[in-house]
Amino acid sequence: MHWTVLPHSRLAVVGCAYGNLPALAACCDDAAAQGCGAVLGAGDYLGFCGHGGEMVALVRARLAAAVAGNHEQAVAAGEAVCGCGHDDPAQERLSCAAAAPQADGVDGPARAWLAALPHPLAVATPGGAVLLCHGSPAVVNAFLRREDLDRGQAGRWLVDSGCAVLACSHTGHPWVERLAVGRLAVNCGSAGRPADDGDPAVRYAIIDLGGAEPRAEIRRVAYDHTAWASQLRRDGREERFVAQLVEGRWARPAPAPARTLRSLACC
Ligand SMILES: [Fe+2]
């Protein structure tokens, strides 16, 4: 297990920025305004927006510690895939198509920095430690969703690592779950794509280890998504991926006809 030490008990966690420079910067600004001493990165800084080289520079400038996500591991390996790990092959193909510009502007030094990112990473603070990962501490592209969270496994990850809070990303849907006395699990959501709820704002998490019990909250952050969408269109990005920033909904594969017919028959 990799460890780092920070002198702050109030931290922000950002993840899944996908190359969205203004959204990640807005999250960092909001975190500072909310009294966070540092920002941690839960992976997938690169993705469908491109601007990969600029995003690496932004992450290095504003984040105090960071783990790799599946996008960083793919770019570091020189692979033109997303590595998201969706069960649905159509969804995985769509994610890979979206990820096509993820390495835009990533030069040799940036690629070497990406290759050196740890996963997972324990972050020690004066109030307790945060176990920072992208998917799960065990698998970089595991989907830790609130509705099917294995609370026992999450608790064991924390006990085995000596950490108080598990912080992850990857799914795009933020949540906070108290596991036991003194322990929390947090998914910070996406700092680069809306939460698929019709709201173009992005999300990140604040973790506060300064009290008797760790606490966490999900922050909603609006940014100039209209201007950024215009920039991405000038960059030549596909409209089906740009539109999700404006509409607040994700692009999804069209349902297969046979599946649609079965669903209708069931109803
Ligand atoms: Fe991911």
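The model shown is predicted, which means the values in this text are computed figures rather than measured ones.

*Asks:* Teacher, can you tell me more about the coordination of the iron ion here?
*Replies:* Between any two of four tetrahedral donors, the ideal angle at the metal is 109.5 degrees; between two of six octahedral donors, it is 90 or 180 degrees. Bound to the iron ion are the protein donor atoms D44 (OD), N70 (OD1), H134 (NE2) and H170 (ND1), situated 2.1 Å from the metal. One can describe the donor arrangement at the iron ion as irregular, given that its four donor atoms subtend angles of 87 to 159° at the metal. Taken in chain order, the donor set of the iron ion reads D-x25-N-x63-H-x35-H. In this pair, D44 sits in the loop between strand 3 (38–41) and helix 2 (52–62) while H134 sits in the loop between strand 6 (128–132) and helix 6 (151–161), placing the two residues 90 residues apart along the sequence. The exposure class of H134 is buried, given its relative accessible area of 0%.

*Asks:* Is there a simple way to think about the environment of D224 in this case?
*Replies:* Tracing the chain through its elements places D224 in the loop between strand 11 (215–221) and helix 7 (225–235). Given a relative accessible area of 49%, D224 falls into the partly exposed group. The spatial distance from the C-alpha of D224 to the C-alpha of Y204 is 17 Å, given a sequence separation of 20 residues.

*Asks:* Would you take a moment to explain the side chain of E72 for this structure?
*Replies:* Topologically, E72 is positioned in helix 3 (residues 70–76). For E72, which is buried and forms no salt bridge, the nearest opposite charge comes from R111, at a distance of 11 Å. Only 2.7 Å separates the side chain of E72 from the backbone nitrogen of Y45, close enough to count as a polar contact. Beyond its immediate chain neighbours, meaning those up to four positions away, E72 contacts G43, D44, Y45, L46, L114 and L117.

Conventions used here
Residues numbered from 1 in each chain as written. Predicted model: local features only at pLDDT ≥ 70, side-chain atom pairs only at ≥ 80, totals over all residues. Heavy atoms only, no water. Donors = N, O, S within 2.8 Å, 3.2 Å for Na, K, Ca; no water. Tetrahedral: all angles 85-135°; square planar, octahedral: opposite > 155°, others 65-115°. Helix = DSSP H or I, 4+ residues; strand = E, 2+ residues; numbered from the N terminus. Buried < 20%, exposed > 50% of the residue type's maximum accessible area, 1.4 Å probe, protein only. Lys, Arg positive; Asp, Glu negative; His and termini not counted. Salt bridge = Lys/Arg side-chain N within 4 Å of Asp/Glu carboxyl O. Polar contact = N/O pair within 3.5 Å; in protein donor to acceptor, adjacent residues only side chain to side chain. Contact = heavy atoms within 4.5 Å.

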